[in-house]
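# Inside the fold
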Amino acid sequence: MLLLDFWRAESVRFDAVLFDIDGTLVVGPRLLPGAAELISLLRHDGTPFFFLTNDGDHTRRQKCGFLLRAGIEAEEREVISCLSVLPELARRNGWERGLFFRAGRLGDTGDLELTSDPARLEECSAVLMGEGPYDWRTTWEALIDFFRHHPERPFIVPNPDTCWPNASTGGIGIGAGGQARCIRLLLHEMGTEIEPIYLGKPYRAIYDYAAGRLGVTDRSRILCVGDSLASDIRGANNAGMYSALVLTGITSEQQAQQAFGEFRPRGIFSAIGQGA
Ligand SMILES: [Mg+2]
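Overview of the structure. (Residues numbered from 1 in each chain as written. Predicted model: local features only at pLDDT ≥ 70, side-chain atom pairs only at ≥ 80, totals over all residues. Heavy atoms only, no water.)

Regarding its fold elements, the chain presents nine helices and 15 strands. Taking 19 Å as the expected radius of gyration for a compact globule of 276 residues, we find that the chain reaches 19 Å, a close match to that expectation. When the 276 residues of the chain are sorted by exposure, 51% land in the buried category. In the chain, once contacts between residues fewer than 6 apart in sequence are set aside, the share between residues at least 24 apart is 64%. Carbon and sulfur atoms form 50% of the exposed surface of the chain, whose accessible area is close to 13,000 Å². Computed over 28 positive and 36 negative side-chain charges, the inter-centroid distance for the chain is 2 Å. (Helix = DSSP H or I, 4+ residues; strand = E, 2+ residues; numbered from the N terminus. Rg over C-alpha atoms; globule rule 2.2 N^0.38 Å. Buried < 20%, exposed > 50% of the residue type's maximum accessible area, 1.4 Å probe, protein only. Contact = heavy atoms within 4.5 Å. Areas by Shrake-Rupley, 256 points an atom, 1.4 Å probe, with all protein chains shown as cover. Lys, Arg positive; Asp, Glu negative; His and termini not counted. Charge placed at Lys NZ, Arg CZ, Asp CG, Glu CD.)

This part is about the sheet that holds strand β7 (residues 113–115). Read from one edge of the open sheet, five strands run β7-β6-β8-β9-β12, paired in parallel fashion. On the outer flanks of this sheet lie β7 and β12 (197–198), each paired with one strand and no other. As defined by bridge partners, strand β9 (residues 155–157) adjoins β12 across two bridges and the pair is classed as parallel. Residue pairing across strands places Ile156 opposite Ile197, the latter belonging to β12. Lying over the sheet, helix α5 (residues 136–149) contacts β6 (99–103), β8 (124–129) and β9, oriented at roughly 135° with respect to β8. (Pairing = 2+ DSSP bridges. Axes fitted to C-alpha atoms, helices over the stretch in contact; angles between N-to-C directions.)

A complete count under the given rule lists 12 aromatic pairs for this structure. Each residue in the set Phe6, Trp7, Phe14, Tyr242 and Phe269 is aromatic and connected to the rest through ring pairs, giving one cluster. (Phe/Tyr/Trp six-rings, centres within 6.5 Å; stacked < 30°, edge-to-face > 60°.)

Looking now at the coordination of the magnesium ion. Expected angles at a metal are 109.5 degrees for tetrahedral coordination by four donors and either 90 or 180 degrees for octahedral coordination by six donors. In this structure, Asp20 (OD), Asp22 (O) and Asp227 (OD) serve as the protein donors to the magnesium ion, at separations of 2.1 Å. Donor residues for the magnesium ion sit on one chain with the sequence pattern D-x1-D-x204-D. A residue pair is termed long-range when its members are at least 10 positions apart, and Asp20 in the loop between β1 (16–19) and β2 (26–27) and Asp227 in the loop between β13 (222–226) and α8 (229–238) qualify at 207 residues. Per residue, the accessibility class of Asp20 equals that of Asp227, and both read buried. (Donors = N, O, S within 2.8 Å, 3.2 Å for Na, K, Ca; no water.)

Taken in spatial order, the six strands of this open sheet run β5-β4-β1-β13-β14-β15, and their pairing is parallel. This sheet does not close on itself; its edge strands, each paired only once, are β5 (79–81) and β15 (267–269). Neighbour-to-neighbour, the strand axes of this sheet turn through a mean angle of 25°, independent of strand direction. Where β13 lies against strand β14 (residues 242–246), four bridges are found, and the strand directions are parallel. Within β14, the residue paired with Cys224 across the bridge is Ser243. In the packing of helix α1 (residues 3–10) onto the sheet, contacts are made with β1, β13, β14 and β15, and the angle to β13 comes to roughly 175°. Against the sheet, helix α3 (residues 60–70) engages β4 (49–53) and β5, with an angle of about 125° to β5.

The subject of this paragraph is the pattern of salt bridges. Enumeration over the complete set of coordinates arrives at 20 salt bridges. For Arg219, the salt bridge identified is with Asp208, shortest N-O distance 2.8 Å. Taken as a pair, Arg219 in the loop between α7 (204–214) and β13 and Asp208 in helix α7 lie far apart in primary sequence, 11 residues in all. When its relative accessible area of 32% is taken as the criterion, Asp208 is described as partly exposed. Connected through salt bridges with shared partners, the residues Asp5, Arg8 and Glu37 form a single ionic network. (Salt bridge = Lys/Arg side-chain N within 4 Å of Asp/Glu carboxyl O.)

Our focus in this paragraph is the nonpolar core. Residues Leu18, Phe100, Ile156, Ile222 and Met241 are the most contacted members of the largest nonpolar core, which totals 31 residues. Contributions of two or more residues to this core are made by β1, β4, α4 (86–93), β8, α7 and β13. Three or more residues apiece are contributed to this core by two domains, here domain 1 (3–54 + 201–269) and domain 2 (95–198). If we skip the residues at most four places from it in the chain, Phe100 touches Ala90, Trp95, Leu112, Glu113, Leu114, Thr115, Cys124, Ala126, Leu128 and Ile156. (Core = buried A, V, L, I, M, F, W, Y, C linked by side-chain atoms within 4.5 Å. Domains from an automatic or database assignment.)

Turning to the pairing of β4, a few remarks are in order. Where burial is concerned, most of β4 is hidden: five out of the five residues are buried. Of the two faces of β4, the one lined by Phe49, Phe51 and Thr53 and the one lined by Phe50 and Leu52 are each fully buried. Where β1 meets β4, three bridges bridge the pair, whose relative direction is parallel. Bridging across to β4, Phe19 finds its partner in Phe51. As defined by bridge partners, β4 adjoins β5 across three bridges and the pair is classed as parallel. Counted as the bridge partner of Thr53 is Ser81 from β5. Tracing the backbone out of β4, into α3 and back to the parallel element β5 gives a crossover that is right-handed. (Right-handed = clockwise from strand over helix to strand, strands pointing away.)

The values reported here are purely geometric and, on their own, carry no functional implication.
This is the structure:
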């Protein structure tokens, strides 16, 4: 079944839609069938929606650029990245007045005061794990030393992703989650336990933030569309939202049919719309 047909028949059951981007609306620079049509339909009907991304490395403006080049018009305010959660989280926990240490590169971090200078780590009230190229050895050694003395300081990780495909090298890049778990393991082997705070899918923070922005209280009326069982589907199910899997990304039909528990999609769709 196509998601567009499901939406036309069942849209009365939903108040809002959350979209994953890669593998769901686009694959790299290529627009997936029906994606632009469904977005236009939602705009026409006044149905609120957000693009939900675990990409903390690019800004929301850059994400809009990627979507536009593929053929989907998007505004910055329609993109929720894992980092969108950060300013509110910092405010709620009283961290917003402190200095944050940023390991690597990050997209939108709001008004937070940041440093990437390991010599200033002692002044920092929290650590943010980033991505991109940086002197990881110097930074990791400084972080391990810091957390050995301050295991209670927040270690905030934008997404739990282990790796990501590096289009420029054809190889892999180590994700923020993968880096954070390496640091955590090294600390564990030295007898110090730390617990990273993850912001992105499948963790709750990004879904709570999106539901708040949508103003929808009955979360079962939010349709979440994605291509990953472990990220999009698990996250939506655990957040009490309606999970819809599209088979245009990383999940095969067999994997989808065999998924169970929190990984099981409520709906499985071959694509959003008909191919050309
Ligand atoms: Mg995806």
